[in-house]
Amino acid sequence: MNLVSLNIESIQLGHPLPFVLRGADGVLLAQKGYVIRTRDELAKLVERGRELCVDTDESGGSHRAYLAQLQRMLIADTNLGEIAAMKMTAGEQAAAAAAARAGKTLPDWPELQLRATQLLRAPSPSDFGGRFQALHDELARHCEQTPDATLLGLIYLSAQETRMYSATHSMLVSCVCMVVAREMLRWPSSRVQQLGHAALSMNIAMTELQDQLVLQTQPLTATQIAAVEDHAARSEALLRHLGVADPVWLEAVRCHHHRTPGPLSKKTEAQQMARLLQRADIFGARLAPRAARLPMPVTAAMQASYYDEEHQVDEAGAALVKTLGVYPPGAFVRLASREVGVVIRRGTTATTPRVAVVTNRDGMATGEPIPRDTGMPPWKVTGVVAFKDVRVNLSLDRLLQMV
């Protein structure tokens, strides 16, 4: 046994462990694939084992991948906070490599999360334009070519992400808006691109603060409240400083928290974009966990987007719900068969998605996800299941291959 100590911050909450976790004396703390949900649960493991360790004799591949990723991040001058947020993803990388060999190209979501976080936390006028456009173009390409897989990846990650919340949320809102604008609102590609730009950059002035607030259990301070309330105007000003000159993009960012219900036809192009941003922002924020609260069920997130400030059906919110479906990709649902599965793609109606079953009627893991067509009575969706209640070892890349 060759034990190597792990930094507690390198264990990502809500993700299956890609290695066996042991204590300082080699005692088994958690099997590979076990999901640690909370910091309290993690602290109890540390208390039991005195420290967290990995045995490189049994988890050598994961450990070598961890060291290689750490070295790449150090070379790239990544800040210490992002290094601490790094994940061991050797298993997912292997699955992605296998998919590539099979002729499929899967997004490297951990890499995209890191790129977006680095870009939005510390933007520089010298290279912002090129880096931002490259990130946006990659997201836009996935939205156009594989919209269901893109929604699955980002909604699944958003239900568990806390360390890189702000960037993940911005990517989710950007992709949701682009899919809705293209498929339901039928906006031209130029407007879809402006919308994607605005969504991805809407919180650029408070990226680091957002990541802090997700982990904060105390009430916001007066300074934090002020920073949140004026972040839209500050984001617009920062974007101008970074070289953005598109007036529609800038106005959409400035207005994305305005509460302006009413028909889209009575709004300017920028105001229409801002309204759709606001609805998607609400949806994504309610999906995400906080240190002080669990994520809302996906149906509650949908309902919050669907109705406006006057409790009427919101046109932009309705377009979002009609596009994503009542049970969007990435949501966990219970079937009439008493099985539980994750939605992998939208169906022919808003309530009949394609599902990959992950636990059987007895609550036991199926091992390999089993596809189900919920349009058939035996597998009708009967309700949603909270992410925290699905304690199985799931490979996101395996799910993406099933889309």
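Because the structure is predicted, anything quoted here is derived from the model rather than measured.

A. Here's a closer look at helix α7 (residues 147–158). Taking 1.5 Å per residue as the helical rise, α7 with its twelve residues ought to reach 16 Å, and the 16 Å between its terminal C-alpha atoms agrees with that figure. In terms of burial, α7 is a largely internal element, twelve of the twelve residues being buried.

B. Region of interest: the pairing of strand β6 (residues 340–345). When you tally the buried positions in β6, you get five out of six residues, the bulk of the element. When strand β5 (residues 332–335) meets β6, the two strands line up antiparallel, connected through three bridges. Across the sheet, residue Arg334 finds its bridge partner in β6, namely Val340. In sequence, β5 turns back onto β6 through a hairpin of four residues, with Arg338 there showing a positive phi of about 75°. Both β6 and strand β7 (residues 354–359) contribute to a ladder of five bridges, which runs antiparallel. When the sheet's bridge partners are listed, Gly341 is paired in β7 with Val357.

C. Just the sheet that holds strand β9 (residues 381–384), in detail. Reading across the sheet, the five strands line up as β8-β7-β6-β5-β9 and stay open at both edges, with antiparallel pairing between neighbours. Where the open sheet ends on each side, the last strands, each with one partner, are β8 (365–373) and β9. Averaged over all neighbouring strand pairs, the angle between strand axes comes to 40°, with direction disregarded. Here five bridges tie β7 to β8, and the two strands are oriented antiparallel to one another. Within β8, the position partnered with Val357 by the bridge is Ile370. Sitting on the sheet, α7 touches β5 and β6, and the angle it makes with β6 is about 135°.

D. Structural detail: helix α15 (residues 298–306). Among the residues making up α15, those that are buried are Val298, Ala301, Met302 and Ser305. Viewed end-on, α15 has its buried residues packed into an arc of 100°, placing them on one side of the element.

E. Structural detail: the packing of helix α14 (residues 269–287) against α15. As a packed pair, α14 and α15 sit with axes 8 Å apart at the nearest point and diverge in direction by 155°. Accordingly, the angle class assigned to the pair α14 and α15 is roughly antiparallel. The chirality of how α14 crosses α15 is right-handed. Contact with α14, carried on its side by Arg279, Ile282, Phe283, Arg286 and Leu287, involves Val298, Ala301, Met302, Ala304 and Ser305 of α15 and no other residues of that element.

F. Structural detail: the nonpolar core. In terms of nonpolar packing, the biggest core is built from 86 residues, with Phe283, Leu320 and Phe332 touching the most fellow members. If one sorts the elements of this core by residue count, helix α8 (residues 165–183) sits on top with eleven residues. In this view, Phe283 contacts Ile155, Val298, Ala301, Met302, Ser305, Leu320, Leu324 and Pro328; residues no more than four positions away in its chain are not counted. Membership of the second largest hydrophobic core comes to twelve residues, among which are Ile11, Leu13, Ala30 and Val54.

G. Here's a closer look at the confidence of the model for the chain. Per-residue confidence for the chain gives a mean pLDDT of 85; residues scoring 70 or more make up 85%. Within the model, pLDDT remains below 50 along residues 66–104, and this stretch shows 50 contacts once partners closer than five positions in the same chain are excluded.

Calculation criteria
Residues numbered from 1 in each chain as written. Predicted model: local features only at pLDDT ≥ 70, side-chain atom pairs only at ≥ 80, totals over all residues. Heavy atoms only, no water. Helix = DSSP H or I, 4+ residues; strand = E, 2+ residues; numbered from the N terminus. Expected span 1.5 Å × (residues − 1). Buried < 20%, exposed > 50% of the residue type's maximum accessible area, 1.4 Å probe, protein only. Pairing = 2+ DSSP bridges. Axes fitted to C-alpha atoms, helices over the stretch in contact; angles between N-to-C directions. Contact = heavy atoms within 4.5 Å. Arc of directions from axis to C-beta. Parallel < 35°, antiparallel > 145°, perpendicular 65-115°, else oblique. Left-handed = near helix turned anticlockwise from the far one by under 90°. Core = buried A, V, L, I, M, F, W, Y, C linked by side-chain atoms within 4.5 Å. pLDDT = per-residue confidence, 0-100.

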